[in-house]
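Now for the letters of each chain:
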Amino acid sequence: MNLRRAIGALTAGVGLTAVANAALSKRVGPLEPPLSGDHGTYRWRGMNVSYVEAGDADAPTLVLLHGVNAAASSGEFREVFDALAEDYHVVAPDLPGFGLSDRPALYYSAALYEDFVGDFLAEYDDPAVLASSLTASYAVAVASRDDVSVSQFVLVCPSERGGPEPKEWLRELIRTPVVGEAAFNLIASQPSIRYFNDDHGYYDSSKVSEEWEDYEWRTAHQEGARFAPASFISGYLNSDIDLQAALADLDVPTTLVWGRESDITPLKQGRELAEAADCTLVVFDDTLLLPHVEFPNAFVETVRDALT
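Summary of the structure given here.

**A closer look at the layout of surface pockets**
- Volume-wise, the largest pocket comes out at about 810 Å³.
- In terms of lining, the largest pocket is formed by 37 residues, of which the most central are Val68, Asn69, Ala70, Phe196 and Phe232.
- For the lining of the largest pocket, the secondary structure elements donating two or more residues are helix H4 (133-142), helix H7 (190-201), helix H8 (210-219) and helix H9 (227-233).
- At seven residues, H7 tops the list of elements feeding residues into the lining of the largest pocket.
- Among the residues forming the lining of the largest pocket, the class breakdown is 20 nonpolar, 13 polar and four charged.

Structure follows, in structure tokens:
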């Protein structure tokens, strides 16, 4: 009798969770582009990858590659995209599994993102690359490919690691249909997004608007949104490269942009990387991981100086 009640309670709990997940999905609604410009689709390995481009097509190309987190998208560059388009042909994709790009239930990996970044960059002649956090490592990893020619790098708080050592059980848990979806809904809840922004993303939390946090919440609750973050959270998106050695081996002028108060990727790492790989290091005071959002005007001038 007790076993029957336990099974009934478990079944009811799973059913209620499934209903809650479905109700949440219906409430989110479709996602609009976070950047203004011409919207296009890059067909890659059967997926539609969304991108936005702006600026003079004859100007030097600058590819913007957003970082990786549960609510990632090209909207990370919302504060600098239009200003950079005044001088460059800017192109900003949503990585596969994020934003307006397709989000199939793949086992996302660092190797997959390296392949995507390499193939996307190969579409352009000698582009400069502005890349953030973990995605910066993917860009550096593929810059030596024969079909890729990067003219310059501007890397914002680059890192080879975005999670723990790979934990298969954690990835599989988040990928499960009902329980995993519910767990991810908690990870990507509005309080969780607000906590991350306040604690790790922004030095001055007043610089992130409610509208943007709502967009982050909505992009993290699109259909299939948990699959790429499942690999990120469980450590499967960590890069295998040695960033110092890889940058030192490349003949690509590189500017590192760092927030002095960054805690996930401390400034000490930036100083060590700049010295080991002979990179220019630009440090922004009163900012953490997102100097391009907190100080957009100064950041745009930094990019212009770096690419001149």
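Next, the rest of the story.
**Brief notes about helix H3 (residues 110-121)**
- Over its twelve residues, H3 runs 16 Å from end to end, which matches the ideal 16 Å to within 8%, given 1.5 Å per residue.
- H3 sits mainly inside the fold: nine of its twelve residues count as buried.
- Restricting attention to buried positions, one finds in H3 the residues Ala110, Leu112, Tyr113, Glu114, Phe116, Val117, Gly118, Phe120 and Leu121.

**A look at the sheet that holds strand S7 (residues 254-259)**
- Here we have eight strands laid out as an open sheet, ordered S1-S2-S4-S3-S5-S6-S7-S8, and mixed in their pairing. Sheet topology places strand S1 (38-44) and strand S8 (280-284) at the edges, where each strand pairs with a single neighbour. Each strand of the sheet is rotated relative to its neighbour by a mean of 20°, with strand direction disregarded.
- Note that S7 and S8 share five bridges and pair parallel. Bridge assignment links Leu256 to a residue of S8, and that residue is Leu281.
- Each of strand S3 (61-65), strand S5 (128-132) and strand S6 (152-156) touches H4; the most contacted strand, S5, lies at about 140° to it.

**So, the packing of H3 against H4**
- Taken N-terminus to C-terminus, the directions of H3 and H4 make an angle of 65°; their axes are 9 Å apart at the nearest point. Crossing geometry of H3 relative to H4 is assigned as right-handed. Of the residues in H4, those touching H3 at Ala110, Tyr113, Glu114, Val117 and Gly118 are Tyr138, Ala139, Ala141 and Val142.
- In terms of residue class, the contact of H3 with H4 is built from seven nonpolar, one polar and one charged.

Definitions and cut-offs
Residues numbered from 1 in each chain as written. Predicted model: local features only at pLDDT ≥ 70, side-chain atom pairs only at ≥ 80, totals over all residues. Heavy atoms only, no water. 1 Å grid on protein atoms, 1.4 Å probe; cavity = no way out; pocket = protein on both sides within 12 Å on 5 of 7 lines; lining within 4 Å. Points joined across faces, edges and corners; volume = space filled by probe spheres on them. Helix = DSSP H or I, 4+ residues; strand = E, 2+ residues; numbered from the N terminus. Nonpolar A, V, L, I, M, F, W, Y, C, P; charged D, E, K, R; others polar. Expected span 1.5 Å × (residues − 1). Buried < 20%, exposed > 50% of the residue type's maximum accessible area, 1.4 Å probe, protein only. Pairing = 2+ DSSP bridges. Axes fitted to C-alpha atoms, helices over the stretch in contact; angles between N-to-C directions. Contact = heavy atoms within 4.5 Å. Left-handed = near helix turned anticlockwise from the far one by under 90°.

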